[in-house]
Amino acid sequence: MNPLQPIGHVTLGFLATIGRITMFSGISLSHLFRPPYYPRIVIRQMIEIGYFSLPVVGLTAIFTGMVLALQSYTGFARFSAEGAVANVVVLSITRELAPVLAGLMVTGRIGASMAAEIGTMRVTEQVDALTTLSTNPFKYLVVPRIIAGVTMLPILVFIADIIGVLGGYLVGIYELGFNPANYLQNTWDFLESFDVVSGLIKAAVFGLIIALMGCYHGYYSRGGAQGVGQATTYAVVSASILILCFNFILTAAFFTVDV
Amino acid sequence: MVLDGLDLDIGTGESMVVIGGSGVGKSVMLKCILGILTPDSGTIEIDGENVVGLTGSDHDRVNAKIGMLFQGAALFDSLPVWENVAFRLLGEGMNRKQAKEIAVAKLAQVGLRPNICDLAPADLSGGMKKRVGLARAIATDPEIIFFDEPTTGLDPIMSDVINNLIVSCVREVGATALSITHDMASARKIGDRIAMIYNGKIIWNGPANAVDKTGNDYVDQFVSGRTDGPIRMAVRA
């Protein structure tokens, strides 16, 4: 066998997948701007993605903020810069950790659930039934999830920002002995609106990625229960990797704006 | 290639049943008519209009004439029974109260009581799911109704109940019906005409009461359920 054959096979498969995902995303986004819309489903998805993800995102944020305060104190104490702990916590949380960690947690919770739900609908002919009932599956299944993902992730991340900073504050005050007023003043003084806004923009992009990957893998799942199981795995893995990739791309873009 | 040179005409108000073994392309034929799959070539005409390749509102306009009962009922898990039945009505903008009244009436037509309206599909038995699927198929009094293996997975008595409901519903709505099945009892009961599909083609087509004396070896073997004959089932060792 030609040794280049498997490499070519994998490369072609990868490019075909990229093409399919691009087509799916293009079709989905084109339906975003064309009625009919399904507000009841959008609201249901918003509650599912936003409200029900709050506990897991909140817990992630508070523990991350607490750990960040402890670790940055350990590092900064070595060159007597303990006063920078509050700044590091707020900048790290708002610009980086809240959007990325919230994105990854929501991917695990919602991306998998979207893929499983739509995948089950696919293998039980419910998606075909939508077509026969003159309902476009993209409008009914994909668009509401995209709208909910893009709008709810920034709200979740904004709440995670507050909870994360609170976590750092609690450790700073009760464990590291900072003055509460000074800690809050340092937090506020060094925080710029763009720090928060850049995190929220990232969150909106991550929400789009989670919804698209969950819907794509569910929509094209095949082969019964095993196919649906694979779809959930692919949805979580691909969304997680894309979130990390796009996090770098967006951070690099914001870096040029900052500089 | 699944379908190859398939040619079938169905008259208005006629109940046509297409029989054939598993995997011969019966469901593919239905999905091509519904626009879920697109054939590589050929034409499919509904009321004289070629529906192959129709998209968007044109596709929706044609599908609005059609009701479909899926093999597994394909009820939407996330919606209660009545919203499943009234799905198309709600999609057309009918208010929820009026849509629910119609859903209750259609459920009664298939022998189901109003108290199941707010149940989830997961709470229903297989036979009840089929009946709800049938109520959804006739909810808008469509001109054409498709039935995909309507009795698969049901016990003989429930199969007969479903067959009777199909016959009565099709008559009441005055619809043209196309059913696919490999259940001969069902085919005899619900079909005015029966056609047999084999190797992607219609190999016999005639009145339902003539299916036992077609003189076609393939049809005879299928109808009598014999293993010996010209049809060789693909069995992997």
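Residues numbered from 1 in each chain as written. Chains lettered and ligands numbered in written order. Predicted model: local features only at pLDDT ≥ 70, side-chain atom pairs only at ≥ 80, totals over all residues. Heavy atoms only, no water.

## A few points about the interface of chain A and chain B
Chain A puts 16 residues into the contact, and the matching count from chain B is 23 residues. Together, the buried faces of chain A and chain B total about 1,700 Å²; carbon and sulfur atoms form 56% of this surface. Contact with chain B buries surface across chain A, with Glu125(A), Thr132(A) and Leu133(A) losing the most and accounting together for 34% of the total. Where Lys31(B) meets Asp128(A), a salt bridge forms, and the shortest distance between an N and an O atom there is 3.5 Å. Applying the counting rule to chain A against chain B returns 7 residue pairs in polar contact (both at pLDDT 80 or more). Among the elements that line the side of chain A that touches chain B, the one with the most residues is helix α5 (residues 126-132) of chain A, at 6 residues. (Contact = heavy atoms within 4.5 Å. Buried area = accessible area lost by both parts, 1.4 Å probe. Salt bridge = Lys/Arg side-chain N within 4 Å of Asp/Glu carboxyl O. Polar contact = N/O pair within 3.5 Å; in protein donor to acceptor, adjacent residues only side chain to side chain. Helix = DSSP H or I, 4+ residues; strand = E, 2+ residues; numbered from the N terminus.)

## Thoughts on helix α8 (residues 193-219) of chain A
In this model α8(A) runs 39 Å from its N-terminal to its C-terminal C-alpha over 27 residues, within 8% of the 39 Å that 1.5 Å per residue would give. A large share of α8(A) lies buried, amounting to 19 of its 27 residues. (Expected span 1.5 Å × (residues − 1). Buried < 20%, exposed > 50% of the residue type's maximum accessible area, 1.4 Å probe, protein only.)

## Considerations on the nonpolar core
Note that soluble globular proteins tend to have their nonpolar side chains buried in a common cluster. In terms of nonpolar packing, the biggest core is built from 86 residues, with Val18(B) and Phe146(B) touching the most fellow members. Per-element tally for this core: the top contributor is helix α6 (residues 137-174) of chain A, with 15 residues. Setting aside its immediate chain neighbours within four residues, Val18(B) contacts Leu8(B), Lys26(B), Met29(B), Leu178(B), Ser179(B), Ile180(B), Thr181(B), Ala195(B) and Ile197(B). Counting 51 residues, the second largest nonpolar core, distinct from the first, contains Ile19(B), Ala99(B), Leu124(B) and Phe222(B). (Core = buried A, V, L, I, M, F, W, Y, C linked by side-chain atoms within 4.5 Å.)

## Re the confidence of the model for chain B
Residues and elements named next belong to chain B. When pLDDT is averaged across chain B, the result is 90; 98% of the residues are at 70 or more. The least confident element of chain B is helix α2 (residues 56-63), whose mean pLDDT is 86; the most confident is helix α3 (residues 81-85), at 97. Confidence metrics for the complex model read pTM 0.89 and ipTM 0.88. (pLDDT = per-residue confidence, 0-100.)

## As for the sheet that holds strand β4 (residues 66-69) of chain B
Residues and elements named next belong to chain B. Spatially, β4-β5-β6-β1-β7-β8 is the arrangement adopted by the 6 strands of the open sheet, whose pairing is mixed. Looking at strand neighbours, the two that pair on one side only are β4 and β8 (201-207), the edges of this open sheet. The sheet shows a mean angle of 15° between the axes of neighbouring strands, taken without regard to direction. Relative to strand β6 (residues 176-181), strand β5 (residues 144-148) runs parallel, the two being bridged by 5 bridges. Directly across from Ile 145, in β6, lies its bridge partner Ala 177. Strand contacts of helix α6 (residues 126-138): β4 and β5, with the helix running at about 175° to β4, the strand carrying the most contacts. Strand contacts of helix α9 (residues 217-224): β1 (15-19), β7 (193-198) and β8, with the helix running at about 105° to β7, the strand carrying the most contacts. (Pairing = 2+ DSSP bridges. Axes fitted to C-alpha atoms, helices over the stretch in contact; angles between N-to-C directions.)

## Some thoughts on the pattern of salt bridges
With the rule as written, the count across this model stands at 20 salt bridges over all chains. Between Arg188(B) and Asp212(B) there is a salt bridge, with the nearest N and O atoms lying 2.6 Å from each other. Placement of Arg188(B) in helix α8 (residues 184-190) and of Asp212(B) in the loop between β8 and α9 is noted, with a sequence separation of 24 residues between them. Accessibility expressed as a relative area gives 36% for Arg188(B), which makes it partly exposed. Sharing partners across several salt bridges, the network here consists of Arg122(A), Glu125(A), Asp128(A) and Lys31(B).

## Digging into the pairing of β7(B)
Residues and elements named next belong to chain B. Burial analysis of β7 places 5 of its 6 residues in the buried class, which makes it a mostly covered element. Pairing analysis gives 4 bridges linking β1 to β7, with the strands arranged parallel. What sits directly across from Val 18, in β7, is Ala 195. Two elements, β7 and β8, share 6 bridges in a ladder whose sense is antiparallel. Residue pairing in the sheet places Arg 193 in a bridge with Pro 207 of β8. Hairpin remark: β7 followed by β8, antiparallel, with 2 residues in the connecting loop; positive phi at Asn 199, about 50°.

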